[in-house]
Amino acid sequence: MAVLPKSSVAKKFLNAITGIGLGLFVIVHLSENLLLLTGNPDDYNRWAHFLHSLGPLLTLMELGLAAFFIAHIWSALMVYWDKLKARPVGYSVYRSAGWTSRQTLSSQTMIYTGIVLLAFVIWHVLTFRFGPYYTVTVDGVEMRDLHRLVVEVFSNPVNVAIYVAVMIFLGFHLRHGFWSALQSLGAYHPRWTPLWYTGGAIVAALLAVGFIVIPVWVYLYL
């Protein structure tokens with residue numbers, strides 16, 4: 001039987017490891033979705049069909065991803081709960097205490113942006129993984145027309161607005177998450193830490209913008 005970590009350090013370590021893993025998934029997922037911008041629906045459908053053809057391996061990867069999500073959510077809630085128990089009355093004014101603190105809007109809203117992202121992931125999976133199953137024939141092979149479903153969903157301006165808003169939250173979450181994960185793993189250095197912090201903010205912004213471009217592009221041009 002697996003033993004859940006009890007110490008604050010262990011919980012932060014688990015949160016950091018799972019956060020980095022999910023961050024890498026976000027990067028890969030964005031690179032996949034950028035196929036929507038090629039102008040050829042077949043490109044996106046071929047890739048989706050390739051993933052589906054993996055069969056049990058895809059199921060295993062999905063279960064592993066779900067485990068990462070659950071572990072990340074659990075560890076985040078436990079760290080937040082420990083923080084509340086240690087200081088039940090919040091600060092009236094937040095100030096940064098230097099590189100070991102870096103109090104920002106991103107850091108102060110992690111639990112809230114995380115809740116929004118969780119709700120979005122559930123909606124996203126229900127919409128695209130288990131949504132309507134259209135078919136198309138590509139290179140003589142019948143496969144799911146996921147491109148059609150994406151265009152259908154993002155033809156609704158409400159869906160586009162929700163997606164864009166959530167991706168902004170994702171940017172905020174990743175901005176602090178990148179820095180916090182490295183700090184929890186002990187990657188602190190007076191010389192390199194400022195670069196990691198700035199680099200994390202840039203990567204978070206690029207990922208958010210990348211995801212925002214997709215539904216806007218689909219709505220305007222497809």
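Structure first, text after, so check above.
Would you mind showing me how to read the overall build of the protein here?
Helix and strand content of the protein: eight helices and two strands. Starting at the N terminus and walking to the C terminus, you meet the elements of the protein as α-α-α-α-α-β-β-α-α-α. Residue burial in the protein is summarised as follows: out of 222 residues, 31% are buried. If you take every contact in the protein between residues at least 6 apart in sequence, the share linking residues at least 24 apart comes to 73%. Accessible surface computed for the protein: about 13400 Å², of which carbon and sulfur atoms make up 71%.

Is there a simple way to explain the packing of helix α2 (residues 41-53) against helix α6 (residues 146-153) in this structure?
Packed helix pairs are characterised by how far apart their axes lie and by the angle those axes make with each other. Interaxial distance between α2 and α6 falls to 8 Å at its minimum, and their mutual angle equals 115 degrees. When α2 is examined against α6, the residues P41, Y44, N45 and A48 are found in contact with a partner set consisting of L146, H147 and V150. Split by residue class, the contact of α2 with α6 holds five nonpolar, two polar and no charged.

Any chance you could explain the nonpolar core here in plain terms?
Looking at soluble globular proteins, one finds that nonpolar side chains tend to be buried together. With 27 residues, the main nonpolar core has F154, M167, L170 and F211 as its most contacted residues. If you list the elements that add at least two residues to this core, you get α1 (8-33), α2, α5 (110-129), α6, α7 (157-184) and α8 (193-221). When near neighbours in sequence (up to four residues on either side) are disregarded, M167 contacts F120, A208, F211 and I212.

Each value, and the rule that gives it
- Residues numbered from 1 in each chain as written.
- Predicted model: local features only at pLDDT ≥ 70, side-chain atom pairs only at ≥ 80, totals over all residues.
- Heavy atoms only, no water.
- Helix = DSSP H or I, 4+ residues; strand = E, 2+ residues; numbered from the N terminus.
- Buried < 20%, exposed > 50% of the residue type's maximum accessible area, 1.4 Å probe, protein only.
- Contact = heavy atoms within 4.5 Å.
- Areas by Shrake-Rupley, 256 points an atom, 1.4 Å probe, with all protein chains shown as cover.
- Axes fitted to C-alpha atoms, helices over the stretch in contact; angles between N-to-C directions.
- Nonpolar A, V, L, I, M, F, W, Y, C, P; charged D, E, K, R; others polar.
- Core = buried A, V, L, I, M, F, W, Y, C linked by side-chain atoms within 4.5 Å.

The analysis is restricted to geometry; functional conclusions fall outside its scope.
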